[in-house]
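Notes for the structure review
Now for the letters of each chain:
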Amino acid sequence: MRILAEYCLPLVRVGGLFLAAKGHDPQEEVRNAERAIQLMGASILQLCSVLILYPVESHSPYGQRTAIVCLKDHPTPRKYPRDPGTPVKSPL
């Protein structure tokens, strides 16, 4: 989620939403990504295990996906996203 946030959130305009589809139990992954999400100028609005308007079908053994909804509060600093491969080698 940290890497996904760094690559995607700079493309979201201030006031926009970013949705990430994750596995059935993403709480630890989201906790680890909170700093990266804040650095990108966003905050976590909610974790949704069921989307009312657009249900997420899953064919995984767990059968459930969680949508993480982030709101872009502030502009992302110009130094992000970093060069390709850098977020993987040195996550935020």
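The paragraphs below set out a description of the structure included in this document. These numbers were taken from a predicted model, which means no experiment stands behind them.

Okay, helix α2 (residues 27-39) next. A rise of 1.5 Å per residue sets the reference length of α2, with its 13 residues, at 18 Å; its end C-alpha atoms lie 19 Å apart and thus fit the reference within 8%. The largest bend in α2 is about 45°, located at A33. All of the buried residues along α2 are V30, A33, A36 and I37. Buried residues in α2 make contact with α1 (2-8), β2 (42-48) and β3 (66-72). Immediately beyond the C-terminal end of α2, within one or two residues, lies G41, with a positive phi of roughly 90°.

In this section: the sheet that holds β3. The antiparallel open sheet is built from three strands, whose spatial order is β1-β3-β2. Single-partner strands in this sheet number two, and they are β1 (17-22) and β2. Pairwise comparison of adjacent strand axes, ignoring direction, gives a mean angle of 25° for this sheet. As judged from the six bridges shared by β2 and β3, these two strands associate in the antiparallel manner. Paired with I44 across the two strands is C70, which belongs to β3. Sheet strands in contact with α2 are β1, β2 and β3, and its direction is about 160° off that of β2.

Here we come to the nonpolar core. Residues M1, L9, F18, I37, I68 and C70 are the most contacted members of the largest nonpolar core, which totals 16 residues. When contributions to this core are tallied by element, the ones reaching two or more residues are β1, α2 and β3. No other element matches α2, which puts four residues into this core. For F18, the contacting residues outside a window of four places in its chain are M1, L4, C8, L9, V12, I68, V69 and C70.

A cis amide bond links Y80 with the next residue in sequence, P81, at an omega value of -5°. Tracing the backbone through its elements, the reader meets P81 in the loop between β3 and α3 (86-89).

The rules behind these values
- Residues numbered from 1 in each chain as written.
- Predicted model: local features only at pLDDT ≥ 70, side-chain atom pairs only at ≥ 80, totals over all residues.
- Heavy atoms only, no water.
- Helix = DSSP H or I, 4+ residues; strand = E, 2+ residues; numbered from the N terminus.
- Expected span 1.5 Å × (residues − 1).
- Bend = angle between axes of the 7 residues up to and from the residue.
- Buried < 20%, exposed > 50% of the residue type's maximum accessible area, 1.4 Å probe, protein only.
- Contact = heavy atoms within 4.5 Å.
- Pairing = 2+ DSSP bridges.
- Axes fitted to C-alpha atoms, helices over the stretch in contact; angles between N-to-C directions.
- Core = buried A, V, L, I, M, F, W, Y, C linked by side-chain atoms within 4.5 Å.

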